Amino acid sequence: MALTSTLFTGLSGLNVNQTKLNVVGNNIANVNTIAFKSSRALFKPQFYVTDAGGTPADGDFGGSNPSQRGLGATIATVQKDFSNGSIEPTGKATDLAIEGDGFFVVRGTDQKYTRDGSFTLNEANQLVTTGGEFVQGYGVDEDANVQVGRLQNIDIPLGSLTQAIATENATFEGNLNANGLVATGASILNSGPMMHADGVTPVDPTTALIDLRNPADLATPLFAAGSTLTLAGSRGGRNLPALTFDINGLSTVQELQQFFNQGMTLDTASAPPAGTALISALPGDPAGSVRLQMTGHTGQANALSLAGTAFSNSANSPGLSFTDDAASNPSGESVATSFVAYDSLGTPITVNVTAGLESKANTGNTWRFYATSAGDTDAATFDPAAVSEGSRIGTGTMTFDSEGRLTSSTGTTVVIHRNNTGAGSAVNLNIDFSSMTSLASSESSLTATGVDGSPIGTLSAFSVGVNGIITGMFDNGLTRTLGQVAMATFNNPQGLQDMGGNMYMTGGNSGEPIIAAPLQLGAGAIRSGALELSNVDLSEEFINLIIASTGFSASSRVISTSDQLLTELLNTSR
């Protein structure tokens, strides 16, 4: 009986060492498997036969220990080693490695967990595993804020997602020359003389344009019904966009004044006022005649010009021409600049900003700025029924102290109307002059150094941060958050069930997954463009291979020895 039990004891040794060999062989086979976690087989005694129980000691006897015989070994457990493997850079954006604890969450038919971050994008630009499971994470709202709480497939729509952002802020830098002259001079342009066709009726703002004549030729109208006026002047040497006015039999002098104000970007509400006025005859003009006088804003940067064909009439009638008034003197310290803003569709809009030295005082200087834009739809088309402020979208002041520092500014929120363009709304633009100074210099400078917003752009690349945030890069220079990779941790990762293919599922002793963003609730960090290697230690596995094979050989020797003894016993009994 004893020899028979020895056979089974040896057999148990074969079994456990065979299992250890299997575990070691599996570890070695997966030494180059991405994110593979090695295992180890742990043994324990199978059970014991008690030949004699122990007895306690008394006054006459010292007691005895129990006598027990072991009947072999069995597998205690096959235990996973979830320590980190080395991180190997790959340069591929879809490759992700976990540094620290945690698992990626993936979903196919079931929700599973993996450390293998060798992901790729499928035909729908969704992040998937090599087996086709969807990588799970958090999406973003329309303002690109991550919406934590509900897991979803991660979409990275390279080449298909387009984005444009309306401009909201423009930051200016520069120095406004404090030693300059106060901008008191302005351009003054006078039209040729005009008179009513009957030579008697006074011309006023309500006079019809078709009734206006040149005093030297009362038979030929200055303006004819059905004709079109085109105005394309310049301001401060910068060409202004062309504006047209279709004349009919009811068009008036007042409408013509509004047309010039809008086309030449004149703000009639400014101080000092600018605009087009009807004035009495100048010395040498025929009695009863009048002229239109156009007055610009102060400063050289606001100088007006209607040279050449800047003002034309499609009717080819003599029309009106403008010349400089004797008092025209656009002088004083001023500066102009321009920058490009964008509406919600990404349409570029040029914004011009002109600043002039308005006043000086013992406490500092005050500058006035004007913001204009041909992209303002209220200014792009002339509407005789509307009172227009030209293409002005805003005006305000900058006040500096005696050390040239900005102390206050007004009117820094301007509105660019985008009616009937398809854009969602007007562009509400905040202008920041806080970095401006007003110190003595040779000339003034004004530059828009920071303008947000962007034209349309296509998603061309992306990256994943250590916190799992996926940032998309557009070919227009814009960056936007696309989502966030989620991670799961477990109170007892040893309790997970290995489903093969580097996939795990919750087990009875693993605990429920704690799903959160990387670097939260014990989760590790994400390393983008890298993969976690296997944590198999080949040197250790070769040693385990020797130990297991030695144990296997020794157990087989026990069996062969028992077999020889049984044979000897049978031969003896014959």
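Described in the following lines is the structure provided in the data block. (Residues numbered from 1 in each chain as written. Predicted model: local features only at pLDDT ≥ 70, side-chain atom pairs only at ≥ 80, totals over all residues. Heavy atoms only, no water.)

Moving on, we come to the overall build of the protein. The number of helices and strands found in the protein is four helices and 44 strands. A globule of 574 residues ought to have a C-alpha radius of gyration of about 25 Å, yet the protein, at 44 Å, is considerably larger. For the C-alpha atoms alone, the extent of the protein along its principal axes is close to 160 × 55 × 35 Å. Expressed as a percentage of the 574 residues in the protein, the buried residues total 43%. The long-range share in the protein, meaning contacts at least 24 apart out of those at least 6 apart in sequence, stands at 65%. Of the roughly 27,100 Å² of accessible surface on the protein, a fraction of 51% belongs to carbon and sulfur atoms. Of note, the protein has its 24 positive side-chain charges centred 11 Å away from the centre of its 49 negative side-chain charges. (Helix = DSSP H or I, 4+ residues; strand = E, 2+ residues; numbered from the N terminus. Rg over C-alpha atoms; globule rule 2.2 N^0.38 Å. Buried < 20%, exposed > 50% of the residue type's maximum accessible area, 1.4 Å probe, protein only. Contact = heavy atoms within 4.5 Å. Areas by Shrake-Rupley, 256 points an atom, 1.4 Å probe, with all protein chains shown as cover. Lys, Arg positive; Asp, Glu negative; His and termini not counted. Charge placed at Lys NZ, Arg CZ, Asp CG, Glu CD.)

Glancing now at helix H4 (residues 538–572). Under the 1.5 Å per step criterion, the end-to-end length of H4 is 50 Å for 35 residues, consistent within 8% with the ideal 51 Å. Those residues of H4 that fall on the buried side of the exposure criterion are Glu-541, Asn-544, Ala-548, Gly-551, Ser-555 and Ser-562. Two or three places before Ser-539, at the opening of H4, Asp-537 has a side-chain oxygen 3.1 Å from that residue's backbone nitrogen. (Expected span 1.5 Å × (residues − 1). Polar contact = N/O pair within 3.5 Å; in protein donor to acceptor, adjacent residues only side chain to side chain.)

Looking now at the packing of aromatic side chains. Summed over all chains, the structure comprises 16 aromatic pairs. Summarising the aromatic geometry, the rings of Phe-260 and Phe-322 are spaced 5.1 Å apart at their centres and angled 70° between planes, so their arrangement reads as edge-to-face. Placement of the pair is Phe-260 in helix H2 (residues 253–263) and Phe-322 in strand S27 (residues 322–324), with a sequence separation of 62 residues. The same class applies to Phe-260 as to Phe-322, namely buried. Put simply, the rings of Phe-245, Phe-259, Phe-260, Phe-311, Phe-322 and Phe-382 pair up and form one aromatic cluster. Seen from the ring of Phe-43, Lys-20 lies directly overhead, with NZ or CZ sitting 5.9 Å from the centre. One residue, Arg-235, lies across the ring of Tyr-370, its end atom 5.9 Å from the ring centre. (Phe/Tyr/Trp six-rings, centres within 6.5 Å; stacked < 30°, edge-to-face > 60°. Lys NZ or Arg CZ within 6 Å of the ring centre and 35° of its normal.)

Attention shifts here to empty space enclosed by the protein. Under the definition given, this model contains one cavity of 30 Å³ or more. Counted as a void, the largest cavity has a volume near 40 Å³. Around the largest cavity sit Lys-20, Val-23, Val-24, Asn-27, Ser-39, Arg-40, Ala-41, Glu-541 and Asn-544, which together line it. The element contributing the most residues to the lining of the largest cavity is helix H1 (residues 2–29), with four residues. Grouping the amino acids of the lining of the largest cavity by side-chain chemistry returns three nonpolar, three polar and three charged. (1 Å grid on protein atoms, 1.4 Å probe; cavity = no way out; pocket = protein on both sides within 12 Å on 5 of 7 lines; lining within 4 Å. Points joined across faces, edges and corners; volume = space filled by probe spheres on them. Nonpolar A, V, L, I, M, F, W, Y, C, P; charged D, E, K, R; others polar.)

Among the eleven residues that make up H2, ten are buried, leaving the element largely enclosed by the rest of the structure. Of the residues making up H2, those classed as buried are Val-253, Glu-255, Leu-256, Gln-257, Gln-258, Phe-259, Phe-260, Asn-261, Gln-262 and Gly-263. Just past H2, the residue Thr-265 takes up positive phi, approximately 55°.

The next point concerns the nonpolar core. Of all hydrophobic cores here, the largest spans 30 residues; its most connected members are Phe-223, Leu-256, Phe-259, Met-294, Leu-306 and Phe-311. Put simply, the parts of the chain that give this core at least two residues each are strand S19 (228–231), strand S22 (243–246), H2 and strand S24 (290–298). Ranked by residues supplied to this core, first place goes to H2 with four residues. Setting aside residues up to four positions removed in sequence, Met-294 forms contacts with Ser-187, Ile-188, Leu-189, Phe-260, Met-264, Leu-266, Gly-275, Thr-276, Leu-304, Leu-306 and Phe-322. Phe-172, Ile-349, Ile-416 and Val-427 belong to the second-largest nonpolar core, a separate cluster that totals 25 residues. (Core = buried A, V, L, I, M, F, W, Y, C linked by side-chain atoms within 4.5 Å.)

Scanning all chains against the criterion turns up nine salt bridges. Its salt-bridge partner being Asp-285, residue Arg-291 comes within 2.7 Å of it at the nearest N-O pair. With respect to burial, Arg-291 and Asp-285 carry one shared label: buried. Across the salt bridge formed by Asp-343 and Arg-418, the nearest N and O atoms sit 3.1 Å from each other. Of the two residues, Asp-343 sits in the loop between strand S28 (334–342) and strand S29 (348–361) while Arg-418 sits in the loop between strand S33 (413–416) and strand S34 (427–437), which places them 75 residues apart along the sequence. This pair shows no difference in class: Asp-343 is buried, exactly as Arg-418 is. One network of salt bridges, in which partners are shared, links Lys-37, Arg-115 and Glu-532. (Salt bridge = Lys/Arg side-chain N within 4 Å of Asp/Glu carboxyl O.)

Let's shift gears to a nonpolar patch on the surface. Residues Leu-538, Phe-542 and Leu-545 make up a contiguous nonpolar surface patch of roughly 240 Å² in combined accessible area. Within the element layout of this structure, Leu-538 appears in helix H4. (Patch = residues over 30% accessible without salt bridge, like charges linked within 9 Å, V, L, I, M, F, W, Y side chains within 5 Å.)

Let's shift gears to the sheet that holds strand S25 (residues 304–305). What the three strands build is an open sheet, ordered S21-S20-S25; its pairing is antiparallel. Looking at strand neighbours, the two that pair on one side only are strand S21 (238–239) and S25, the edges of this open sheet. Where strand S20 (residues 234–235) meets S21, two bridges bridge the pair, whose relative direction is antiparallel. In the strand pairing of S21, Ser-234 is matched with Asn-239. (Pairing = 2+ DSSP bridges.)

A few words on the pairing of strand S40 (residues 497–500). Pairing of S40 with strand S41 (residues 503–505) involves three bridges; the strand directions are antiparallel. Looking across to S41, one finds that Asp-498 is bridged to Tyr-504. In sequence, S40 turns back onto S41 through a hairpin of two residues, with Gly-501 there showing a positive phi of about 65°.

When you line up the elements, Gly-465 lands in the loop between strand S36 (454–464) and strand S37 (469–474). Of the residues examined, Gly-465 reaches a relative accessible area of 24% and is grouped as partly exposed. For the pair Gly-465 and Ala-197, spaced 268 residues apart in sequence, the C-alpha to C-alpha distance is 78 Å.

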